[in-house]
Structures are given as C-alpha cells and as structure tokens.
Amino acid sequence: MALPDSITTCLSQPVHYAICKLGFEKKDTSNIDTILSGNREVCWPAVTEHVYYLESDQSVDYIKSIQSLGPVCESVNLYFKSLTKEQFVIQYASWFRWTNCTEVFLEVFNVLQSTQATEVALGLMKLTSCLERALGDVYLLKGNDCPFLLRDLLASEQLADVFGQAVMNVLRVFIGSPHGLNLRNVLWHGFASPQEIPAKYCAMLLFLTAGLGQLLQTYLLQTKDVLVHRPYVIFISLEELDAFPGNEILSIAEELVKHSSFVLKIMLPFWIAALTAFKQSRYADSVILLLPQLEAGLRLLFTTTNKCPNRLLTAESSALYTTFDEMLAKHLDNEQVNQLPVVLEEPAMESIFESDFLWDFLNHQEGPRIRDRLSHGEINLETFPREIANQIVGFAITFLCRFSDETMFSLKEHMVIKPLMNCASCYQSRFHPISRLKKQVLECMKSIHLWPEFATVPEEQEQKIKELEGNTEANTLILMISEIISQLQPYMPQNCCSSDDPINSVLTERLLVELCDTRICTLYSPRPILEVVVILRKISAQCHQVSQQVIAGAGLRHTQWLNKTLRSRQRHNYRRMLSSIKFLSPVLRLILLLITLELVSVHSVSKKNPFDYQQYLKFLKSVLQYTENLVTYTSPDKNKWDETMELTKKTLIKIKKIGDRKLMLMHLAT
C-alpha cells in the first residue's frame, strides 16, 4: 500500500490548478457594490457578465469564467466577513427560505468567519447538498422525475426557464460540471483536502443561493405557482442498523487515526473533525466528514491492490472518477477481477465484512443509502440519527485498526476495540435481497403462528367443524404435506422431524430461524439467483397477505359469532374457514420452509447435475400464481374456501413432483 504520508494531493494537476490557482490569477479588485443593488440584492447581470463562452459552439468557457469570477468571489468573501451575524440575518435570511433549510445557510455564514479550513469544506458540502435538494423542488414546478445527478439538474430546461440560462451557467462554473470547479464532487468523493478548497468559493455559493431566492420570489409572484418541498427521508427500524457497540471506542480512536495507513496525512484534519463532531452530538456533520474519507482510504487500497496508482487522483472531465461504485464492483472496467474485495476478505477478518457493510449502508436499494441521501439533500441534517452515525464511526475504526502498524498492537488488543472487531467478524448483510427475504419469511411465520389464537368456536359447534375436517379432501392434503416433508428430510437439520407428528415438528418457527441463521455469501450473487429471489420474495409477500387476511377475517367472524350476529350462511362459511385453516396453515408454513431451504442450499453448488432453469422458473411462477389466487380467495369479499382447497391440492402435486429432485438453487450458483 502506498505510504499515505508521501501523497500531497489527490487532485490531478489540471483539477488542482483550476481549484487552487486559476481563480487567483487575475489581480483585479472587484467592488462589491457592482454586484449588489441598493437594497443589497444580487445584481445578476453584473455576475453573469463574468461567464465567457467558446466561439466554436457557444458553450461555457470554464477556464476564462473561473479566472474572471475569481476576483468577484474574493469580493463577496470579504463583504461577508465585514458583516455581523445580525446584519447578515436581517439582509439575507429571508432569501434562504426557499431552500427549506435556512439554518444550514446561516451556519455556513458563521463558518466563513473562522479560519478553519475543515469547517469551510464541511460547510460547502452541506451547502451543495441543501442547494441541490432545493433546486430539485424548483425543477418539479415545471417537470416530473427530478434528475438524480446534479449536472443534469443544472443543465435542465426547467431550471433555465425559472432562473434564466445565464444564471444557471454561473452555477455550473462552481458545481455540477466536470469541466468547471466541480466543488461538490471533489469534496463529496474525498479528493480534496481541507487546504485545497478556497473559502471564497464557499462564500460565492452562499451569495448565489441568496440571489436564486430573489429570482425565485419574482418568478412565483408572476406565475402564482407554489413551491412544494419534498419530504425528507425518514429512517425506520433503526435497530436493523445496529452492528457496533457504543461510542466508548472514541477514547482511543484519535490515536488510531494518527497511526493508520488507511488515513492520508493530508486528510487527517477531516478525521479529527469527524470524531470531534460525533463527541459533540453533531451526527450529520460526523458522517458527512467521514464518508468521503472512507472513500479516499478505499481508493488508496483499490489503486494499490489493482496496480493503478494514477487512479488515486481526480479524473479529468473526459474520464470517470474512481468512486465507491467501481471500487465495490466485481470487475474493473477492463473486465479484470477487482482485487479490492479479495483484500477485504482476508482470513484475518474471517469474513467479507467490509464489502457487505459498504453494500448495505451505501448501495443496496432497501438499505439506508447514506452517502446518496446525504449528498443529494434527502435527509434532515438537524435530526440525523445517532444510531447511523455510530455505525459509520464504528465501521471506520475497524479499518483504522486493520491498517495500523505494529506499534498499535496494544490498542488493537484494547478491551474496547476487541468487541468492535468481534462484531465486524460476525457481520452479515442485512439489506441484500436474500437477507430481506429471510426477514420476510420469519415475519410471515410469526403471523401464521397467531392463527390458533382465534381458531376457536363454542363447544356446541365443535362437532360440525370436526365433520368438515373429516372431509376426505382435507385429509388428503394433510397427507400430501407429510409426504413432501419426508422428501425434504435430507436438506434439514438432523432430528428435527417427529414420526408421530411430522407437520408440527418440522414446520416451526424455530426451524426457520435456525435455517435463516445459516451464513450465506451474498456478495456478487449471480443474476439467476437474484431473479429467483425476486420471485421468492413475491411468494413470501403473498403468503403474508393471506395470513393477515385470515387473521382479520376470522377475528371479525369470531366476534360476530359470539355476539350471535351471523346469518345462517355466514355461520356455515365461518365453519368452512376454520376447517380450511387446519390445512392452509401447514401449506403456507411448507412454502416458507421451501423458500428457506432454497436459500441455504446455495452453498451446496453442483454444476454436474443437469438442471432446467427455465422449467424451474415456470414452477416458481406457478407457486406465485397459487399464492396470488389465495390472496383473492381468502379476501373478506370472496371467502372461497372450497376453491382454496382444490387449488391447494393441485399446487401440492406440483411441489411433490419437483420435490422428487434435488433442491433447485444449488444448480443456479456459478
């Protein structure tokens, strides 16, 4: 791994020149009064005249524009420094309301009064995040489906219609375009060190945001439109994100930061500031500072292990950055195997924890996708959950430990670090589709276990229920289920089946929990397996809906029965329901068992056994169709219990036929 102390910048020469020098070349002084009107509003024509265009195609000439805007930015920075907080609030606070996060922009003003480069960089990251979100809200005044990328948003006709193309071109000089300063991306992707971001650019973006608010107010008055702010993402089930112990680890984290080869020396202030922010309960700030540094550290590992040191630097506008997405991919863009995941699953960690954790928290669609949502302004910074910050900090510290030198041995063995590393070694993906399927299965099983609580009737009606249960068809279904369970015996834990009662001894929540605890490698799951998992999740979801409908319907009918408000036909139908529950419960539990066995069988890969994938998909889709029909038949307005029995019989025959073969997913893995 390259020595982090020897790296003086992660900006390529052209990008470093553009950000750190180009805007300082013109020594002209710019009078603030030329870009401010008498009532201290932004005079946009005086700003837009500093944007130059290429003669060839009239696109923005970013080099000349940065040069020309440099003195203007300096003038704005000095002007803001001359204002007190009270003066700034009086003159500008109202112009930030359109962003729906005025306090963040007032906080950025405070940052500009300090000399701490780290705070300026943090302020700029928060500013660009909130600005992007606000611009997206404006976009939706005129269009649908707001662009995901900032560069596409700023280049949109919708924003040009509201603010004017010349105004949007000014913004693109600073953010959004890879040809410009691109301040948002070089910071959020961990390329820029604190000292490489001039404070005057942060001041200028603060100034421009206020100016956009002025333009928007005029536009809304003319059009009578109302700006609606999209709701923030709210994280639920935070307990699912809990992988690491509490913040006692912070007591020795700063020492690890100073001695870990995972940390670039030029980025050390960001790490210290992140840990400090966490101690001060500024959880959003802590994570905003840490995520780019995790990316920078991983990029160092990535470029070292894949022998491409040039990719440690920012890419030019004609190439792609090396970001999380590529670093976590299975293959490089030249189709060679990415060596970073190989390094991350070395035996020392006893797992592929780092890759799983990164995919969980950053990439998986059902995960928190922290980096995307923070950087695009989708999260309320003031209420950012401590639980998530704790996990990101804990994860970062495992990297610091793993890539620290031998002098840190005593710290690695510290009683606070040991539990952290143990948690890391035991981590399993929680947001991969396979992991979500496991969760679905167990939740459905819990629901089905509630059925016996309402499946009772007064004693005088028991005989009628038993007469229905004596139905030959129902007994046939129970027998078929028992036979299928016998077929599945080789794939289940030993001694889990009782010969006296195979159904109730096997189709249990305890067995499903045991099977779901089986560790499954979810990283880079083959496409065929993921396609099957999609169908299995749909089947599980339908089973759960059936269970909920049965619970609701039976509960209502039971109450009506006790209150003697059921008509004769309704009483008969209720008895049919209770009779059907006797076989429907084991059928649903059998389907859940089959789903779970399919998942854990992925480890028993056998390429030698012939297997018709398309035939298997057809079978799965038939089971899905069965569960969808069950949802219809068991709905309160249908109550087709006889049809349910007939449909179930046909499906069990199919399951029994395919159960004669080996389990299916083991043939799909590659």
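Residues numbered from 1 in each chain as written. Predicted model: local features only at pLDDT ≥ 70, side-chain atom pairs only at ≥ 80, totals over all residues. Heavy atoms only, no water.

- An unreviewed UniProt entry annotates the chain as EMARD protein of Nesospiza acunhae.

1. Topic: empty space enclosed by the protein
Empty space among the atoms becomes visible once a probe the size of a water molecule is rolled across them.
Then, number 1: The tally for this structure, following the rule as stated, stands at two cavities of 30 Å³ or more.
Then, number 2: By volume, the second largest cavity is sized at about 40 Å³.
Then, number 3: Around the second largest cavity, the lining residues are L291, L294, F357, L358, F361, L362, I392 and F395.
Then, number 4: Residue assignment for the lining of the second largest cavity shows that the elements contributing at least two residues are α14 (283–305), α17 (353–363) and α19 (386–402).
Then, number 5: Its residues assigned to classes, the lining of the second largest cavity comprises eight nonpolar, no polar and no charged. (1 Å grid on protein atoms, 1.4 Å probe; cavity = no way out; pocket = protein on both sides within 12 Å on 5 of 7 lines; lining within 4 Å. Points joined across faces, edges and corners; volume = space filled by probe spheres on them. Helix = DSSP H or I, 4+ residues; strand = E, 2+ residues; numbered from the N terminus. Nonpolar A, V, L, I, M, F, W, Y, C, P; charged D, E, K, R; others polar.)

2. Quick notes on the pattern of salt bridges
Then, number 1: Enumeration over the complete set of coordinates arrives at 16 salt bridges.
Then, number 2: R184 is the salt-bridge partner of E132, the closest N and O atoms lying 3.8 Å from each other. One end of the pair, E132, is in helix α6 (residues 117–139); the other, R184, is in helix α10 (residues 183–188), with 52 residues separating them in the sequence.
Then, number 3: On the accessibility criterion, E132 (5% relative accessible area) is buried.
Then, number 4: Across the pair R299 and E295 runs a salt bridge, and its minimum N-O distance is 3.0 Å. (Salt bridge = Lys/Arg side-chain N within 4 Å of Asp/Glu carboxyl O. Buried < 20%, exposed > 50% of the residue type's maximum accessible area, 1.4 Å probe, protein only.)

3. Side note on the packing of helix α28 (residues 568–600) against helix α29 (residues 613–633)
Then, number 1: α29 packs onto α28 with a crossing angle of 145° between their chain directions and a minimal axis gap of 13 Å. For the pair α28 and α29, the crossing hand works out as left-handed. For the pair formed by α28 and α29, the contact residues are L584, V587, L588, I591 and E598 on the first element and Y616, Y626, T627 and L630 on the second.
Then, number 2: For the contact of α28 with α29, the class distribution of residues is seven nonpolar, one polar and one charged. (Axes fitted to C-alpha atoms, helices over the stretch in contact; angles between N-to-C directions. Left-handed = near helix turned anticlockwise from the far one by under 90°. Contact = heavy atoms within 4.5 Å.)

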